[in-house]
Amino acid sequence: DAKTTQPTSMDCAEGRAANLPCNHSTISGNEYVYWYRQIHSQGPQYIIHGLKNNETNEMASLIITEDRKSSTLILPHATLRDTAVYYCIVTYYGQNFVFGPGTRLSVLP
Amino acid sequence: EPEVTQTPSHQVTQMGQEVILRCVPISNHLYFYWYRQILGQKVEFLVSFYNNEISEKSEIFDDQFSVERPDGSNFTLKIRSTKLEDSAMYFCASSDRGLLGGASSEAFFGQGTRLTVV
């Protein structure tokens with residue numbers, strides 16, 4: 001079973017920041033937090049991952065709380081193409097991702 | 001940008017037939033995976049493969065399934081005798097590092113093969 005809890009769905013206005021929360025209260029010290037997304041039935045697309053520090057790349061930012069029990073994925077300027085299911089995954093060394101149901105993000109014009 | 005490629009994009013087969021799904025992982029990657037997604041359901045892990053052997057498999061990956069890396073570039077999933085419930089999207093993924101100590105690595109997924117068993 002997935003070790004994370006995410007809201008089932010969220011809406012975001014186009015051009016605004018999308019903040020997607022994830023709870024992972026049972027995360028252990030060596031486990032990473034990964035975010036993937038799936039647009040329609042395409043293959044999951046890697047977004048970002050981190051261990052305990054906040055991370056930023058060209059797609060998104062990842063904010064991990066100090067106790068590591070939760071995190072937030074931030075898409076700074078959401079576009080219609082960001083409409084997708086977003087998965088928060090906790091795993092050792094990026095192995096054998098266990099996907100939960102994710103959050104269905106709808107970016108609205 | 002390097003990508004994982006899967007063929008065919010769509011496969012229709014009769015129940016009881018064998019199918020082979022093909023994947024070409026990213027060239028310098030060493031870890032390979034198969035996942036599946038039944039329509040409307042979660043993405044499910046099937047198997048991981050490293051150094052020419054299975055490193056982990058799920059309960060779904062029973063004796064009807066097998067994986068192989070027949071040459072330096074392809075990674076295949078074989079289903080020996082397909083059942084109706086095998087109908088799903090099958091995704092291949094690869095990563096360059098896995099359990100090597102310390103650092104983690106992202107896995108890159110292909111666009112999938114839609115298997116329809118009739």
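Check the entry above for the structure.
Counting starts from 1 at the beginning of each chain's written sequence and moves along it residue by residue. Here every chain gets a letter starting at A, and every ligand a number starting at 1, in the order they are written. Under the rules for a predicted model, residues below a pLDDT of 70 receive no local features and side-chain atom pairs below 80 are neither given nor counted, while totals for whole chains, interfaces and linings still include all residues. Excluding hydrogens and water, the side-chain figures rest on all heavy atoms present in the structure.

Looking now at the overall build of chain B. A count of helical and extended segments in chain B gives zero helices and 11 strands. Each helix (α) and strand (β) of chain B, taken in turn from the N terminus, gives the series β-β-β-β-β-β-β-β-β-β-β. What the globule rule says is 2.2 Å times the number of residues to the power 0.38, and the radius of gyration is computed from C-alpha atoms. Its C-alpha atoms give chain B a radius of gyration of 14 Å, within 12% of the compact-globule value 13 Å for 118 residues. Seen along its three principal axes, the alpha-carbon backbone of chain B occupies a region of about 45 × 30 × 30 Å. Should any heavy atoms of two residues lie within 4.5 Å, those residues are counted as being in contact. A sequence separation of at least 24 residues applies to 55% of the contacts in chain B between residues at least 6 apart. Accessible surface area values rest on a Shrake-Rupley calculation with a 1.4 Å probe, where residue burial reflects the displayed protein chains alone. For chain B, the accessible surface area stands at approximately 6,100 Å², while carbon and sulfur atoms represent 47% of it. In this description a helix means any DSSP run of H or I spanning at least four residues, a strand means any run of E spanning at least two, and both kinds are numbered starting from the N terminus.

What follows is about the pairing of strand 8 (residues 75-79) of chain B. Residues and elements named next belong to chain B. Accessibility here uses a 1.4 Å probe with only protein chains present; expressed as a share of the type maximum, an area under 20% marks a residue as buried, one over 50% as exposed, and anything in between as partly exposed. For strand 8, the tally of buried residues reaches four of five residues, placing the bulk of the element in the interior. Strands are labelled as partners when DSSP assigns at least two bridges between them. Note: strand 3 (residues 19-24) against strand 8, five bridges, orientation antiparallel. Along strand 8, the bridge assignment pairs Arg 22 with Thr 76. Here strand 7 (residues 65-68) folds back onto strand 8, and the loop between the two strands holds six residues.

So, about the sheet that holds strand 7 of chain B. All names here are of chain B. Taken in spatial order, the four strands make up an open sheet running 1-3-8-7, and their pairing is antiparallel. If you trace the sheet from one side to the other, it starts and ends with strand 1 (5-7) and strand 7, each paired once. Within the sheet, the average angular offset between the axes of one strand and its neighbour, ignoring direction, is 20°. In this analysis, axes come from line fits to C-alpha atoms, helices being fitted only over the stretch in contact, and the angle between any two N-to-C directions falls in the range 0 to 180 degrees.

Trans is the common state for peptide bonds, and a negative phi is the common state for residues other than glycine. Residues and elements named next belong to chain B. For the bond from Thr 7 to Pro 8, the omega torsion is -10°, close enough to zero to count as cis. Backbone geometry at Asn 51 places phi at a positive 55°, although glycine is not the residue there. Exposure remark for Asn 51: the relative accessible area of 59% places this residue in the exposed category. For Asn 52, which is not glycine, the phi torsion reads 65° and is therefore positive.

With that out of the way, let us pick up the packing of aromatic side chains. Think of it this way: a Phe, Tyr or Trp ring, Trp meaning its six-membered ring, pairs with another when their centres are within 6.5 Å, and the plane angle makes it stacked under 30 degrees, edge-to-face over 60, tilted otherwise. Applying the stated criterion to the full structure yields 17 aromatic pairs over all chains. When the centroid spacing of 6.0 Å and the interplanar angle of 80° are considered together, the rings of Phe 99 of chain A and Phe 109 of chain B count as edge-to-face. Of this pair, Phe 99 of chain A sits in the loop between strand 8 (84-92) and strand 9 (103-108) while Phe 109 of chain B sits in strand 10 (residues 108-109), which puts the two residues in different chains. According to the relative accessible area criterion, Phe 99 of chain A is buried, its value standing at 2%. The rings of Tyr 32, Tyr 34, Tyr 36, Tyr 46, Tyr 87, Phe 97 and Phe 99 of chain A together with Tyr 35, Phe 45, Phe 108 and Phe 109 of chain B are connected pair by pair, giving a single aromatic cluster.

This brings us to the sheet that holds strand 6 (residues 61-64) of chain A. Residue and element names in this part refer to chain A. Ordered in space as 2-7-6-5, the four strands form an open sheet in which the pairing is antiparallel. Of all the strands in the sheet, the pair left with one neighbour each is strand 2 (18-23) and strand 5 (55-56). Alignment of strand 5 against strand 6, held across two bridges, turns out to be antiparallel. Bridging from a neighbouring strand, Glu 55 pairs with Leu 62 of strand 6.

So, about the interface of chain A and chain B. Each side of the interface is counted separately: chain A has 19 residues, and chain B has 24 residues. In total, chain A and chain B occlude about 1,900 Å² of area from one another, counting both sides; carbon and sulfur atoms represent 51% of this. Salt bridge, as used here: a side-chain nitrogen of Lys or Arg that lies within 4 Å of a carboxyl oxygen of Asp or Glu. Applying the counting rule to chain A against chain B returns zero salt bridges. Contributing elements (two or more residues each) for the side of chain A that touches chain B: strand 3 (31-38) and strand 4 (45-50) of chain A. Here the side of chain A that touches chain B gets four residues from one element, more than from any other, and that element is strand 3 of chain A. In this classification, the charged set is Asp, Glu, Lys and Arg, the nonpolar set is Ala, Val, Leu, Ile, Met, Phe, Trp, Tyr, Cys and Pro, and all remaining amino acids, among them Gly, are polar. Of the residues assigned to the side of chain A that touches chain B, the class counts are 10 nonpolar, nine polar and no charged. Buried area is understood as the total, over both parts, of accessible area removed when two parts are fitted together, assessed with a 1.4 Å probe.

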